[in-house]
Amino acid sequence: FGSSCVRRGAPLSHQASTMKVVVDAGIAELGLRCVQSLRHMGCEVLCVASSFEHGQAKVVQGCFDVGASVVMGVEEVVEATVRGFAAEMLLVIRRGDGSSRLENVVKGNVVEINMGSDAPEKAAELCTWPTFNPVFAGAESMTVQINSSAGGKWSTEVPVADTDTAYTLLFKAIPVAHDLFTQCLPEFVQNSAPEASPGVTVKSLAIDPVRPFNATVDPSWGDEQVDRFIRASTFPPHPAPIVVLGEQSFVMENMDQYARFKDVRQDAMSEAGLAKDTSNGQTYAADTHWYSNVGGRIVRQGGGAAANALRPVKQTDLVPGAALQGSARKKLRMNEPLLGLNAEVYLHRVLGSGWIGVEGPYIKQFERRLAQICGCAAACAVQSGTAALYGAMKALDVSKPEHHVIVPAFTCAACADAVVQAGGTPVAVDCETESYGMSYEAFRSCLDADRDVVGVVVAPCYGVPCRDFHKIVQHCKAIGIWLCEDNCESYGSSIRETADSNVLVPMGSLSTISVLSVRSEKMVGVGEGGAILSKDPALITKAKWWCSRAPCTGVGLWRVYDHADVGINGRLPEALGAIGVAATENFPVMIQRKRAIHDWYATHLFAKADARHQLQPQKHQAPEMPVWWVNTVRLAETCPVSAEKVGMQLMEKCSDIEIRPGFYPLHWMAPFKAAGTECVTSEMVYRTLVCLPSSPNLTEQDVQYISNSFLEVLNSLVPA
């Protein structure tokens, strides 16, 4: 915090003592545990949270949960608050052996918890956390010691393994230190010093939170010393140690990397050695991998990063698309999540509970929120939109190649993937030219030619309801086949209840079953995930069973690992559910921003375009209300240049603008060619469509800049 902050906790009702204790929490997790123990004893507690300590948010929330007060910030304000608290005891949790700033403020017993060990002089020069010295010195154990100004020392030892890092040693030491404190606590609270055990003098260092840690490997060290140094310097979230070669610095996270470094040190810039720094002159970091979460332009292939790969310091820990130069414009993203105000709070509660698996309270709340958004009775949250489609297909009994499922040619391949994974055969049919949804004529033509069709998946594109949706629904009902809505891009939209009605209902509420995606760039973004929804709870129960590995039911605990069929392990974990709950709280704002962005494109792009270009926006049927998840512009069929040419030229001219193409027609893809139908409209839309940045963080000025840039590029490629 830039200024001081005091938060008062409510007192517990079952206090056994009224002693006032100030806790100077130099180590956040240990400080919080001690605060909880003091509150359990009935003490009134004021916790001083170190403003430079990672985890202070956890301390603030944890203190509030147990009714303790918290103060942090400007030193003078903190000292005045502590003085006014009039504590009878000060508990100091050391990050080093420097004196606490509060020892002269609290007039009472001072209890100190210290961690550390004797260390060589070199370590003493470098150490900035108490567990550095024991690891770097190769000590067999680290001492945890409690000192009381009322008399006495109490100590215990924590073993140091030859695989321990500074972080893992601290993780092991915190419960040991807390146990030692709780053993002494009753005596401290009663103001009498317990009998002391023989103490061990602790040599550690005071911490200067401003001084940076120079975690640089000395090239004169042997491998054993380098290994100890790397482990001693591994204290996340602090930066990893480095090694310097010439003008470059490289991250050293493990000995495999150091071995690689030694192998290439003599030929640092050769093709076989270190790669040259390729970031010079580059404005943004590489912006994608496989599918980008934000809609990048390059698809990377190949394996993951090798453990021994050498990474220049300035090229590490970069978000895809991050600016590499201070003067770079902000990246104008295709899409970004809008997480809301409570995501960190909910994640903290999840981590505090220890329940990070499936079926937790946040998952159940998230499922209820999604069902409400889509006008359904029940939902099952799963790990991706593809998993949701798979669960829906299995719930609808798709299981054999003879089970043909009509799918759109103009949509994400996941729609067809899921049909195949369930055991069926996808049959791609064409789209129409207004909403780019499935064409009713193409749907009917396929039904007439294929007597093995068991159902249809309709996939509204880019947040706009399908123009022919009601015709398709009515025909499915008439012939007795199911309809699944793939609403991964369009949930939150409102659609007419019937073709002749002006009453609007949520997308997803009119089909047999529907699915959505909560991938990071979707209307609700959690990173990766999806959900299956229906007005029929029995269908959701069935889908959940398939996405839970199809277990045997009603057979007792000792057959819990017995399975009735081959399903998938696809349920969404609790942490992502917590993010999802926070994002759904912000859902109305997301819709408002998306609709505003669409209006800005209408004003700054389509209204200003030269009539000769005949630019086409995506269209909807009034009074339906799309969410406009992504905004698109379609070139005229007679345009002499392709959408690809325009798009690539735009990205070359304006590297801050992210765009993406339309969907590659499904019937062109190798896995789905055999069963595809003729889809000339999908082919035309793919050749002429450009998807434009639609992030909820865009301003009207951003949209105006994107629109002007697009028109400039188009005019340069197609001059008058």
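None of these values were measured; they are calculated from a predicted model.

Thoughts on the overall build of the protein
In step 1: In terms of helices and strands, the protein carries 20 helices and 22 strands.
In step 2: Going through the 720 residues of the protein one by one, you find that 53% of them count as buried.
In step 3: Surface summary for the protein: the accessible area is close to 31800 Å², and the carbon and sulfur share equals 52%.

Considerations on the pairing of strand 12 (residues 404–408)
In step 1: For strand 12, a buried count of 5 out of 5 residues is recorded, marking the element as mostly surrounded by other parts of the structure.
In step 2: In strand 12, alternate side chains face the same way, and those of H404, I406 and P408 on one face and V405 and V407 on the other are all buried.
In step 3: The pairing of strand 12 with strand 13 (residues 425–429) spans 5 bridges and is classified as parallel. Across the sheet, V407 pairs through a bridge with A428, a residue of strand 13.
In step 4: In terms of handedness, the path from strand 12 via helix 12 (residues 414–422) over to strand 13 forms a crossover that is right-handed.

Examining the nonpolar core
In step 1: With 72 residues, the main nonpolar core has F410, Y462, Y491, L615 and F710 as its most contacted residues.
In step 2: If you look at the next biggest cluster of nonpolar residues, it comprises 66 residues, including L38, I93, A232 and F235.

Quick word on the packing of helix 9 (residues 343–353) against helix 16 (residues 574–585)
In step 1: The interhelical angle for the contact between helix 9 and helix 16, taken along N-to-C directions, is 155 degrees, at an axis separation of 9 Å. Between helix 9 and helix 16, the angle falls in the class roughly antiparallel. In this structure, helix 9 meets helix 16 at a crossing whose hand is right-handed. Here A343, Y346, L347 and V350 of helix 9 come into contact with helix 16, specifically with E574, A575, A578, I579, V581, A582 and E585.
In step 2: Tallied by class, the residues present in the contact of helix 9 with helix 16 amount to 9 nonpolar, no polar and 2 charged.

Regarding the sheet that holds strand 20 (residues 631–634)
In step 1: Taken together, the 3 strands give an open sheet; going across it, the order is 20-22-21, and neighbouring strands pair in antiparallel fashion. On the outer flanks of this sheet lie strand 20 and strand 21 (660–661), each paired with one strand and no other.
In step 2: In this fold helix 17 (residues 587–606) packs onto strand 20 and strand 22 (689–692), with an angle of close to 30 degrees to the strand it touches most, strand 20.

Considering the environment of P665
In step 1: Tracing the backbone through its elements, the reader meets P665 in the loop between strand 21 and helix 19 (680–688).
In step 2: Residue P665 is classed as buried on the basis of its relative accessible area of 0%.
In step 3: For the pair P665 and F410, spaced 255 residues apart in sequence, the C-alpha to C-alpha distance is 5.4 Å.
In step 4: Not counting residues up to four positions away in its chain, the partners in contact with P665 are A409, S682, E683 and Y686.

Details of the packing of helix 11 (residues 385–395) against helix 15 (residues 537–546)
In step 1: Running from N to C, helix 11 and helix 15 cross one another at 120 degrees; their axes reach a closest spacing of 8 Å. Once helix 11 is placed against helix 15, the crossing between them reads as right-handed. In this structure, helix 11 uses Y390, G391, K394 and A395 to contact helix 15, whose residues at the interface are L539, K542, A543 and W546.
In step 2: For the contact of helix 11 with helix 15, the residue count by class is 5 nonpolar, 1 polar and 2 charged.

Overview of the sheet that holds strand 15 (residues 482–486)
In step 1: Strand order in the open sheet made by the 7 strands is 11-19-18-15-14-12-13, with mixed pairing throughout. One side of each edge strand has no neighbouring strand; the edge strands of this open sheet are strand 11 (378–382) and strand 13. Each strand axis lies, on average, 25 degrees off the axis of its neighbour in the sheet, ignoring direction.
In step 2: For strand 11 and strand 19 (residues 530–534), the ladder comprises 5 bridges, and the chain directions are antiparallel. What sits directly across from A379, in strand 19, is L533.
In step 3: Taken strand by strand, helix 10 (residues 361–373) contacts strand 11, strand 18 (513–517) and strand 19, and its axis lies near 125 degrees from that of strand 11.

Observations regarding the side chain of S514
In step 1: Within the secondary structure layout, S514 lies in strand 18.
In step 2: Every residue in contact with S514, bar those within four places of it in the chain, is listed here: C376, E485, N487, G508, A531, I532 and L533.

Things to note about helix 3 (residues 75–85)
In step 1: Those residues of helix 3 not exposed but buried are V78, E79, T81, V82 and F85. For helix 3, the buried positions fall inside an angular range of 160 degrees around the axis, keeping them on one side. Projecting away from the buried face of helix 3 at angles above 90 degrees are the exposed residues E76 and G84.
In step 2: Note on helix 3: the residue one or two positions beyond its end, A86, has a positive phi of about 55 degrees.

Thoughts on the confidence of the model for the protein
In regions of low pLDDT, the predicted coordinates are not meant to be interpreted in detail.
In step 1: Averaged over every residue, the pLDDT of the protein is 85; residues scoring 70 or more account for 83%.
In step 2: This model gives residues 269–279 a pLDDT under 50, and the stretch forms 23 contacts once residues within four places in sequence are excluded.
In step 3: Across residues 289–302, where pLDDT falls below 50, the model places 33 contacts with residues more than four positions away in sequence or in other chains.

Here we look at the environment of T512
In step 1: Turning to its location among the elements, T512 is positioned in the loop between strand 17 (504–506) and strand 18.
In step 2: Residue T512 is classed as partly exposed on the basis of its relative accessible area of 30%.
In step 3: In this structure, the C-alpha to C-alpha distance between T512 and L533, residues 21 residues apart in sequence, is 9.1 Å.
In step 4: If near-sequence neighbours (up to four positions away) are discounted, T512 is found in contact with L396, W482, L483, S534 and L539.

Quick notes on the rules
Residues numbered from 1 in each chain as written. Predicted model: local features only at pLDDT ≥ 70, side-chain atom pairs only at ≥ 80, totals over all residues. Heavy atoms only, no water. Helix = DSSP H or I, 4+ residues; strand = E, 2+ residues; numbered from the N terminus. Buried < 20%, exposed > 50% of the residue type's maximum accessible area, 1.4 Å probe, protein only. Areas by Shrake-Rupley, 256 points an atom, 1.4 Å probe, with all protein chains shown as cover. Pairing = 2+ DSSP bridges. Right-handed = clockwise from strand over helix to strand, strands pointing away. Core = buried A, V, L, I, M, F, W, Y, C linked by side-chain atoms within 4.5 Å. Axes fitted to C-alpha atoms, helices over the stretch in contact; angles between N-to-C directions. Parallel < 35°, antiparallel > 145°, perpendicular 65-115°, else oblique. Left-handed = near helix turned anticlockwise from the far one by under 90°. Contact = heavy atoms within 4.5 Å. Nonpolar A, V, L, I, M, F, W, Y, C, P; charged D, E, K, R; others polar. Arc of directions from axis to C-beta. pLDDT = per-residue confidence, 0-100.

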